[in-house]
Amino acid sequence: MLGKLITFEGIDGSGKSTMLALLRENAGLKNLGEIAFTREPTQNTLTGKAVYAAIECDVDPMAELFLFMADHAAHVAETVRPNIAAGKIVISDRYSDSRCAYQGATLDKTIPNALSFVKNLHAGWTIVPDLTFIFDLAPKDSVERVKNRGEKTKFEKIEFLTRVRENFMTLAKAEPERFVILDAKLPPAENEKIIVEKIKSIL
Ligand SMILES: Nc1ncnc2c1ncn2[C@@H]1O[C@H](COP(=O)(O)OP(=O)(O)O)[C@@H](O)[C@H]1O
Ligand SMILES: Cc1cn([C@H]2C[C@H](O)[C@@H](COP(=O)(O)OP(=O)(O)O)O2)c(=O)[nH]c1=O
């Protein structure tokens, strides 16, 4: 039997990594089956390194989109598809919706309806998640949280993250059956319970 793909999305600092660390140790989740934790951008790969190099400089936004797309293609082929085929539950920290939301924002002024353009690039070959959690947080709170983190990227600005957050909401509205919007200000343990119950309900 094929596995399931579950993705976690949200603006920078919305609490995805914190939650995934909790979920790795969650006994209820472990009982549900074999879980493969993964992420985008991928780590220590040719494509992932290219993406992180691009994030740190002023590369053309269309060129940057295709670097993220290349990383996604490698991720789907090398990690997501084989694990799904092996019947595992794949949990990814960021996935295609990050591209739609972030590059939908960086390409805003380059092409009309950038979000749809980016979404359409995925159609027909990628694996669509069975379930996507969005950690929803006001950009001012997100910037406050990541400020203490030290590394600052060009994306971590209130105005930009406001557009990214709107794009996440547009994506969720278009596919309400796939998305669960979480209040990222709730204590992590509360969201953890909601997440585990929801995952159980789709298995
Ligand atoms: N529910 C929460 N309430 C308050 N602070 C949180 C919460 N979740 C995470 N944080 C803090 O916010 C910061 C960013 O969280 P992180 O999990 O790294 O976000 P992301 O992976 O989405 O960028 C960290 O300092 C973390 O401790
Ligand atoms: C996967 C992905 C990430 N990003 C952005 C989100 C982050 O600002 C940055 C790096 O991702 P990540 O390392 O996941 O950052 P964080 O831990 O803050 O969530 O890349 C895109 O712009 N497009 C994408 O397709």
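A quick note: this is a predicted structure, and the numbers were derived from the prediction, not measured.

Calculation notes
- Residues numbered from 1 in each chain as written.
- Chains lettered and ligands numbered in written order.
- Predicted model: local features only at pLDDT ≥ 70, side-chain atom pairs only at ≥ 80, totals over all residues.
- Heavy atoms only, no water.
- Salt bridge = Lys/Arg side-chain N within 4 Å of Asp/Glu carboxyl O.
- Helix = DSSP H or I, 4+ residues; strand = E, 2+ residues; numbered from the N terminus.
- Buried < 20%, exposed > 50% of the residue type's maximum accessible area, 1.4 Å probe, protein only.
- Phe/Tyr/Trp six-rings, centres within 6.5 Å; stacked < 30°, edge-to-face > 60°.
- UniProt positions renumbered as here; feature names shortened; annotations may be inferred.
- Contact = heavy atoms within 4.5 Å.
- Near = heavy atom within 4 Å.
- Polar contact = N/O pair within 3.5 Å; in protein donor to acceptor, adjacent residues only side chain to side chain.
- Areas by Shrake-Rupley, 256 points an atom, 1.4 Å probe, with all protein chains shown as cover.

A word on the pattern of salt bridges. The full count for this structure, using the stated rule, is 13 salt bridges. Residue Glu-34 is joined to Lys-88 by a salt bridge in which the shortest nitrogen-to-oxygen separation is 3.7 Å. Of this pair, Glu-34 sits in the loop between helix 2 (27-30) and strand 2 (35-39) while Lys-88 sits in the loop between helix 4 (61-85) and strand 3 (89-93); the two residues are 54 residues apart in sequence, bridging distant segments of the chain. Judged by relative accessible area, Glu-34 falls into the exposed class, the value being 55%. One salt bridge in this structure joins Glu-144 and Lys-147, with 3.0 Å as the shortest N-O distance. Of this pair, Glu-144 and Lys-147 both sit in helix 7 (residues 139-147), 3 residues apart, which is roughly one turn of the helix. Among the residues examined, Glu-144 registers a relative accessible area of 43% and is labelled partly exposed. By relative accessible area, which is 53% here, Lys-147 ends up exposed. Through salt bridges with shared partners, one network takes in Asp-97, Glu-175 and Arg-178.

So, about the packing of aromatic side chains. Under the criterion given, the structure shown has 6 aromatic pairs. Ring centres of Tyr-102 and Phe-155 lie 5.6 Å apart, and the angle between their planes is 65°; this geometry places the pair in the edge-to-face category. One end of the pair, Tyr-102, is in helix 5 (residues 96-106); the other, Phe-155, is in the loop between helix 7 and helix 8 (158-174), and 53 residues separate them in sequence. Exposure class is identical for Tyr-102 and Phe-155. Each is buried. Centre to centre, the rings of Tyr-102 and Phe-168 are 6.4 Å apart; their planes meet at 80°, and the pair counts as edge-to-face. Note that Tyr-102 is positioned in helix 5 and Phe-168 in helix 8, a separation of 66 residues in sequence. One exposure class covers both Tyr-102 and Phe-168, and it is buried. Taken together, Tyr-102, Phe-155, Phe-160 and Phe-168 form an aromatic cluster joined through their ring pairs.

Let us look at the UniProt feature "binding site: ATP" (unreviewed entry) in the chain. If you check UniProt for "binding site: ATP" (unreviewed entry), the listed places come out as Gly-10, Ile-11, Asp-12, Gly-13, Ser-14, Gly-15, Lys-16 and Ser-17 in our numbering. You can see Gly-15 is positioned in the loop between strand 1 (4-10) and helix 1 (16-24). With residues near it in sequence (within four places) discarded, Gly-15 still touches Phe-135 and Arg-145. Looking at the secondary structure, you find Ser-17 in helix 1.

Another point: the site of ligand 2. The environment of ligand 2 is formed by 15 residues, the closest being Asp-12, Arg-39, Tyr-52, Arg-99 and Gln-103. The separation between an oxygen atom of ligand 2 and a polar side-chain atom of Arg-39 is 2.8 Å. Expressed as a share of its isolated accessible area of 540 Å², the protein-covered part of ligand 2 is 92%. Put simply, the parts of the chain that give the shell around ligand 2 at least two residues each are helix 3 (46-55) and helix 5. Of all the elements, helix 5 adds the most residues to the shell around ligand 2, at 4 residues.

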